[in-house]
Amino acid sequence: MNFDSSRRSSFKKMILGGAAVGSLVSFDWKDGKAPLQLKGNINHGVCAWTMPSLNLDELCVAIKKIGFNAIDLVGPKGWDTLKAHEVECSMCNGAELGIPKGWNDPQYHEQLIKNYTELIPEVAKYGYKNLICFSGNRNGMDDETGMKNCAEGLKKIIGVAEKHGVIIQMELLNSKVNHKDYMCDLSPWGVELCKMIDSENFKLLYDIYHMQIDEGDIIRSIQTNHQYFGHYHTAGNPGRNELDENQEINYPAVMRAIVATGYQGYVSHEFIPKSEDKIAALAQAVQVCDV
């Protein structure tokens, strides 16, 4: 074996941590075989929107076949389906007004406060813990003003969240590629907002893919600020596709850093599979991150 081929082989092993590489082996989630034997250090989830070819019932069956039982970004209309399959809603949605219209703009506060005040008790009623929110776009607003506006609005619902044991989670999204002009696009900004709100019921949804694009230094960020991170998302960069050797993030190392912090929450996969076998791609991602 020449040097180049040996190096490529070693790189694949490093990135995938022993998971299969190259073409995916078909993963038949409808057969009667036992699920994957996962290590239990990472609580895996998947974002429902990334699997549009499956309805929610089918997705519940598929993920349990892989070996985990949590789905992100399901609203109230889907919760009974999840309950029927004994699947957790690891990140609820349904109170937000969309990504661009968020807590940084006071014109949306009245409606947001109403939405979250009504939905938080329902989240708790179903036994769920996490409810997503967004900063909104800048639209010419400076970051300091936007942070103050976010804190002012969120403080009006945080008491309800505390009462019901629900954690409001603001997602960190990149503003370079996917969400132009989004305000909560750097973890230091989000951390300062957490400090202003000063509640264990407000955290950041740290999306590894998005933060790789806008700030990098992923492992150091996790080590330094993990107390403010209440949830994690994955995807390969560039492209937001599979967690394979074609992308740049060393996911096994990132997962080990998360585990080392003592984190007990969910890591949910939010990549868009290029493979025709979407569930096989998801199973592979689970194996990559199962450290």
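Residues numbered from 1 in each chain as written. Predicted model: local features only at pLDDT ≥ 70, side-chain atom pairs only at ≥ 80, totals over all residues. Heavy atoms only, no water.

- Looking at an unreviewed UniProt entry, one finds the protein named Hydroxypyruvate isomerase and attributed to Algoriphagus boritolerans DSM 17298 = JCM 18970.

**Re the layout of surface pockets**
- Here the largest pocket is characterised by a volume of approximately 240 Å³.
- Surrounding the largest pocket, 20 residues form its lining, Phe 229, Gly 230, Tyr 263, Gln 264 and Gly 265 being those nearest its centre.
- Counting residues per element, the ones that place at least two in the lining of the largest pocket are strand S3 (88-92), strand S5 (167-171) and strand S7 (229-234).
- Considering each element in turn, the lining of the largest pocket owes the most residues, four residues, to S7. (1 Å grid on protein atoms, 1.4 Å probe; cavity = no way out; pocket = protein on both sides within 12 Å on 5 of 7 lines; lining within 4 Å. Points joined across faces, edges and corners; volume = space filled by probe spheres on them. Helix = DSSP H or I, 4+ residues; strand = E, 2+ residues; numbered from the N terminus.)

**Re unusual backbone geometry**
- Along the chain, Asn 237 connects to Pro 238 via a cis peptide bond; the corresponding omega equals 0 degrees.
- Tracing the backbone shows Pro 238 in the loop between S7 and helix H9 (251-260).
- Of note, the phi angle at Leu 73 is positive, near 60 degrees, even though the residue is not glycine.
- Mapping Leu 73 onto the fold places it in strand S2 (residues 70-74).
- Phi at Asn 139 takes a positive value of approximately 50 degrees, unusual for a residue other than glycine.
- Within the secondary structure, Asn 139 sits in the loop between strand S4 (130-133) and helix H5 (143-164).
- A relative accessible area of 62% places Asn 139 in the exposed class. (Buried < 20%, exposed > 50% of the residue type's maximum accessible area, 1.4 Å probe, protein only.)

**With respect to the pairing of strand S6 (residues 202-207)**
- Extensive coverage of S6 is indicated by the burial of six of its six residues.
- Bridging between S5 and S6 involves four bridges; their strand directions are parallel. Across the sheet, residue Glu 171 finds its bridge partner in S6, namely Leu 205.
- Note: S6 against S7, four bridges, orientation parallel. Its bridge partner being in S7, Leu 204 is matched across the sheet by Phe 229. (Pairing = 2+ DSSP bridges.)

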